[in-house]
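# Structural overview for review
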Amino acid sequence: MTFKFTKLAIPDVILIESKKFEDSRGFFSELYHIDKFAEGGIDKPIKQINLSKSSKGVLRGLHYQLNPFAQGKIVRVISGSIFDVAVDIRKNSQHYGKWVGVNLNSENLNMLYIPEGFAHGFEVLSETVEFEYLCTNVYSPQHDRGIRYDDPFLNISWTTKDPILSEKDLKHPFLKDAETNF
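So, how was this worked out
- Residues numbered from 1 in each chain as written.
- Predicted model: local features only at pLDDT ≥ 70, side-chain atom pairs only at ≥ 80, totals over all residues.
- Heavy atoms only, no water.
- Helix = DSSP H or I, 4+ residues; strand = E, 2+ residues; numbered from the N terminus.
- Buried < 20%, exposed > 50% of the residue type's maximum accessible area, 1.4 Å probe, protein only.
- Polar contact = N/O pair within 3.5 Å; in protein donor to acceptor, adjacent residues only side chain to side chain.
- Contact = heavy atoms within 4.5 Å.
- Phe/Tyr/Trp six-rings, centres within 6.5 Å; stacked < 30°, edge-to-face > 60°.

## Some points on the side chain of Glu132
- Examined against the element boundaries, Glu132 turns out to sit in strand β12 (residues 128-135).
- For Glu132, a relative accessible area of 16% corresponds to the buried category.
- Among the polar contacts made by the side chain of Glu132, one reaches the side chain of Arg76 at a distance of 2.7 Å.
- Setting aside chain neighbours within four positions, we find Glu132 in contact with Ile49, Asn50, Leu51, Ile74, Val75, Arg76 and Ile78.

## A short note on the packing of aromatic side chains
- On inspection of all chains with the given rule, the structure shows nine aromatic pairs.
- Relative to Phe37, the ring of Tyr32 lies with its centre 4.7 Å away and its plane at 55°, an arrangement referred to as tilted.
- In this structure Tyr32 comes out as partly exposed when scored by relative accessible area, which is 30%.
- In this structure Phe37 comes out as buried when scored by relative accessible area, which is 0%.
- Ring centres of Tyr64 and Phe182 lie 6.2 Å apart, and the angle between their planes is 70°; on these two criteria the pair is classed as edge-to-face. Remark: Phe182 occurs in the segment after α2 (167-170) and Tyr64 occurs in strand β6 (residues 59-65); sequence separation between them is 118 residues.
- Residue classification places Phe182 among the partly exposed positions, given a relative accessible area of 22%.

Below, the structure is given as structure tokens:
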């Protein structure tokens, strides 16, 4: 099996482990296969792929898009390491306001699937990180929203005590005041 799909504490968020085939030349790893992902519970088509590069101490998020442009994401680290977080913002979910976090890095090639209805963010643990997002919908500035990374209701266990944030991320509301339609 080339992929292992593990449901996390919020079962809609799935850790994806990809098998590495290594030899003296290096390694090969399959990163996406539409049929195998569908078998693993991830059956939305990919419509946009994004890449970001960030420095140590940067915290990006918590981001999401409103319907009808909500995005599911398959995220992975190309180089470096991060602490990646998904927050359930679906008001009728039994996991509303709960979060899960995993360490992703370029050595283990693990990926995380974050479905629509979740806010997403990460903090950079290495000197730099290159981070890839495979999105199930295109970016829509009119539907772009966010939640404060330090919302006390969420109580996320970030390791960075004084993160480097964008102006946009500093202005996000707490979850109780955020616009959602999930």
